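Understanding the architecture of this molecule
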Amino acid sequence: MTLSDPGRPRSWQPPQLRDAAPVAAAPDTTAIAERARTEGYAAGHAEGLAAGRARAEATAAELAALLGNMAAPFRQQEADLLRELSELVVRVATTVVRRELETSAGAIEAVLAEALDILEAVEGPVDVHLHPADAALVREWLANELPKLTVTLHTDSALLRGGCRVATAESYVDASTERRLDDVLRTLRESRGAVGGATES
């Protein structure tokens with residue numbers, strides 16, 4: 001009897017199934033969350049450090065500028081005080097030197113002797129310009145120390161006491177008090193400039 005025979009019942013056979021693909025395991029959401037948290041913390045920490053460093057550097061620069069602005073007036077005051085003290089020293093030194101020369105009877109003699117030594121072997125006429133108050137002292141000194149030297153004294157009240165200007169036909173020596181004071185004052189001013197430069201630096 002064939003299958004098409006309606007008189008004979010047919011049995012049902014289930015269809016043969018293929019092997020199903022294995023189901024993927026569910027992702028570990030806890031590990032993923034922990035990794036994301038760790039990475040986010042590291043990135044945020046680095047950004048926070050960079051921002052904090054930038055703020056610290058900016059604050060340090062502002063403080064340095066503030067301190068520099070605060071110190072500038074004090075440096076200027078120090079320089080002004082140094083300049084005023086130097087000028088005072090110059091005035092005092094000038095006054096002391098002038099007074100010493102005016103009261104020292106032998107000052108002009110020592111100065112003239114030094115000037116003649118600079119001229120070395122002086123044989124010809126010598127012209128000496130000096131203050132009138134020193135003329136008598138010089139005449140006496142020349143008569144005692146250099147009686148053979150021909151000297152012509154030229155008094156000049158514009159010159160300070162204690163100094164002279166000596167000239168021969170070949171040479172000239174400025175031993176005036178004015179010139180020596182200028183030397184002293186120049187030295188003082190140069191010293192003041194050196195000290196002032198060091199202070200400003």
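Placed above this text is the structure.
Residues numbered from 1 in each chain as written. Predicted model: local features only at pLDDT ≥ 70, side-chain atom pairs only at ≥ 80, totals over all residues. Heavy atoms only, no water.

Looking at the overall build of the chain
Helix and strand counts for the chain stand at four helices and four strands. Counting all 201 residues of the chain, 18% fall into the buried class. Taking contacts inside the chain between residues at least 6 apart in sequence as the whole, the part at least 24 apart equals 70%. Split by element, the accessible area of the chain, about 15,000 Å² in all, is 57% carbon and sulfur. (Helix = DSSP H or I, 4+ residues; strand = E, 2+ residues; numbered from the N terminus. Buried < 20%, exposed > 50% of the residue type's maximum accessible area, 1.4 Å probe, protein only. Contact = heavy atoms within 4.5 Å. Areas by Shrake-Rupley, 256 points an atom, 1.4 Å probe, with all protein chains shown as cover.)

Side note on the nonpolar core
Counting residues in each nonpolar core, the largest one holds 18 residues, and the members touching the most others are Leu 112, Leu 116, Val 128, Leu 130, Val 138, Cys 164 and Val 166. Within the residue set of this core, elements represented by two or more residues are helix H2 (107-118), strand S1 (126-130), helix H3 (132-145), strand S3 (164-167) and strand S4 (172-175). If you tally residues by element for this core, the top one is H2, at five residues. (Core = buried A, V, L, I, M, F, W, Y, C linked by side-chain atoms within 4.5 Å.)

Details of the packing of H2 against H3
Contact geometry of H2 with H3 gives a least axis separation of 9 Å together with a crossing angle of 55°. Our classification of the angle between H2 and H3 gives oblique. The interaxial crossing formed by H2 with H3 has right-handed handedness. Contacts between H2 and H3 involve Ile 108, Glu 109, Leu 112, Ala 113 and Leu 116 from the former and Asp 134, Leu 137, Val 138, Trp 141 and Leu 142 from the latter. Class assignment for the residues of the contact of H2 with H3 results in eight nonpolar, no polar and two charged. (Axes fitted to C-alpha atoms, helices over the stretch in contact; angles between N-to-C directions. Parallel < 35°, antiparallel > 145°, perpendicular 65-115°, else oblique. Left-handed = near helix turned anticlockwise from the far one by under 90°. Nonpolar A, V, L, I, M, F, W, Y, C, P; charged D, E, K, R; others polar.)

Overview of the pairing of strand S2 (residues 151-155)
Across five bridges, the pairing between S1 and S2 is parallel. Looking at S2, one finds that Val 128 is bridged to Leu 153. At this point the chain moves from S1, through H3, to the parallel S2, and the crossover so formed is right-handed. (Pairing = 2+ DSSP bridges. Right-handed = clockwise from strand over helix to strand, strands pointing away.)

Observations regarding H3
Taking 1.5 Å of rise per residue, the 14 residues of H3 would be expected to cover 20 Å, and the 20 Å separating its terminal C-alpha atoms lies within 8% of that figure. All of the buried residues along H3 are Asp 134, Ala 135, Val 138, Trp 141 and Leu 142. For H3, the elements touching its buried residues are H2, S1 and S2. (Expected span 1.5 Å × (residues − 1).)

Regarding the pairing of S1
The alternating pattern of S1 places Val 126, Val 128 and Leu 130 on a buried face and Asp 127 and His 129 on a face that is not buried. With four bridges joining them, S1 and S3 adopt antiparallel strand pairing. Its bridge partner being in S3, His 129 is matched across the sheet by Arg 165.

Some remarks on the pattern of salt bridges
Pairing of side chains with opposite charge becomes possible as their charged atoms draw close. On inspection of all chains with the given rule, the structure shows four salt bridges. Measuring nitrogen to oxygen at the nearest pair gives 3.4 Å for the salt bridge that ties Asp 174 to Arg 165. On the accessibility criterion, Asp 174 (24% relative accessible area) is partly exposed. We classify Arg 165 as partly exposed; its relative accessible area is 24%. The salt bridge involving Arg 186 is made with Asp 183; its shortest N-O contact spans 2.7 Å. Highlighted residues: Arg 186 and Asp 183, both in helix H4 (residues 177-200), separated by three residues, approximately one helical turn. Relative accessible area serves as the criterion here: at 43%, Arg 186 is assigned to the partly exposed category. Look at Asp 183 and you get partly exposed, because its relative accessible area is 24%. (Salt bridge = Lys/Arg side-chain N within 4 Å of Asp/Glu carboxyl O.)

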